[in-house]
Amino acid sequence: DQQVKQNSPSLSVQEGRISILNCDYTNSMFDYFLWYKKYPAEGPTFLISISSIKDKNEDGRFTVFLNKSAKHLSLHIVPSQPGDSAVYFCAAREYTGANSKLTFGKGITLSVRP
Amino acid sequence: EAQVTQNPRYLITVTGKKLTVTCSQNMNHEYMSWYRQDPGLGLRQIYYSMNVEVTDKGDVPEGYKVSRKEKRNFPLILESPSPNQTSLYFCASTHTGTGINQPQHFGDGTRLSIL
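Rules of the game
- Residues numbered from 1 in each chain as written.
- Chains lettered and ligands numbered in written order.
- Predicted model: local features only at pLDDT ≥ 70, side-chain atom pairs only at ≥ 80, totals over all residues.
- Heavy atoms only, no water.
- Contact = heavy atoms within 4.5 Å.
- Salt bridge = Lys/Arg side-chain N within 4 Å of Asp/Glu carboxyl O.
- Polar contact = N/O pair within 3.5 Å; in protein donor to acceptor, adjacent residues only side chain to side chain.
- Helix = DSSP H or I, 4+ residues; strand = E, 2+ residues; numbered from the N terminus.
- Nonpolar A, V, L, I, M, F, W, Y, C, P; charged D, E, K, R; others polar.
- Core = buried A, V, L, I, M, F, W, Y, C linked by side-chain atoms within 4.5 Å.
- Buried < 20%, exposed > 50% of the residue type's maximum accessible area, 1.4 Å probe, protein only.
- Pairing = 2+ DSSP bridges.

Enquirer: For the interface of chain A and chain B, give the residues involved together with the corresponding values.
Expert: If you look at the interface, chain A gives 22 residues, while chain B gives 25 residues. On the surface where chain A and chain B come into contact, there are one salt bridge. One salt bridge in this structure joins A:Lys101 and B:Asp59, with 2.9 Å as the shortest N-O distance. Counting the contacts that link chain A with chain B gives six residue pairs in polar contact (both at pLDDT 80 or more). Secondary-structure elements contributing two or more residues to the side of chain A that touches chain B are β4 (32–38), β5 (45–51), β9 (86–95) and β10 (100–104) of chain A. Of the residues assigned to the side of chain A that touches chain B, the class counts are 11 nonpolar, six polar and five charged.

Enquirer: Describe unusual backbone geometry, naming the residues involved and giving the relevant values.
Expert: The omega torsion across A:Val78 and A:Pro79 is -10 degrees, close enough to zero to call that bond cis. For A:Pro79, the position within the fold is in the loop between β8 (72–77) and β9. The residue after B:Asn7, namely B:Pro8, is reached through a cis peptide bond having omega -5 degrees. For A:Ala41, which is not a glycine, the phi torsion comes out positive at approximately 65 degrees. Summarising the element assignment, A:Ala41 is placed in the loop between β4 and β5. Look at A:Lys71: it is not a glycine, yet its phi comes out positive at around 55 degrees. Its location among the elements puts A:Lys71 in the loop between β7 (62–67) and β8.

Enquirer: Can you break down the nonpolar core residue by residue, with the values?
Expert: Counting 24 residues, the largest nonpolar core has A:Phe33, A:Trp35, A:Leu73, A:Leu75 and A:Tyr88 as the members making the most contacts within it. Breaking this core down by element, the ones donating at least two residues are β3 (19–25), β4, β5, β7, β8, β9 and β11 (108–113) of chain A. Filtering out sequence-adjacent residues up to four positions away, A:Tyr88 remains in contact with A:Gln6, A:Leu21, A:Trp35, A:Tyr36, A:Lys37, A:Leu47, A:Leu75, A:Ile77, A:Gly107, A:Ile108 and A:Leu110. Listed in part, the 19 residues of the second largest apolar core include B:Met32, B:Val60, B:Leu78 and B:Ile114.

Enquirer: Would you mind going over the sheet that holds strand β3 (residues 19–25) of chain B in detail, with residue names and values included?
Expert: All names here are of chain B. Judged by pairing direction, the sheet is antiparallel, and its four strands sit side by side in the order β1-β3-β8-β7 without closing on themselves. With one partner strand each, in any of the chains shown, β1 (4–7) and β7 (65–66) form the two edges of the open sheet. Two elements, β1 and β3, share four bridges in a ladder whose sense is antiparallel. Counted as the bridge partner of Gln6 is Cys23 from β3.

Right, here's the structure in full:
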């Protein structure tokens, strides 16, 4: 049972345009959401996060939106740059009092065309 | 530089030959965790540690052991590796596992092939 879903395996956008990466989740106990970027042969790198009590968090070109009622979050990258081309993972944390386990989606491969 | 370091980065070995993947962090983090990444499955947690001498199972612990004798180190041990443990492994750490909203930082990964 996949609790974090990234239904689109890939996305291609033109440089300078907006990239929108989507993520859906099913577990209402998730309280903290994160986006990671991953290049080949490297580990996931933290990009941006949002607490479940907020609906938006912005950091430079990156904005994450959270819609709790729809159990949906999205990452907006504006403007997109060729260096943004990577695999993006959505992750969600369920804090149980004993574990801060992250549950990951399968990832979306973003390609930004020059 | 703040980092999580895993060794080795790549290993090809044979069924049944014990191996250890080391993980070390220099950020004085209390919480450390191991994940494996398999095609089509994302990252899944193997084991985690809330602090020194405190470890527990994640979602896919079978065939693995861990230890946490020092705060900075969290080795992953495969006592008798099998081909189904062929995977890409990531170690991660964060300041604390007590629910504070801080991201986990990942190592660069260890690709294991068990023949």
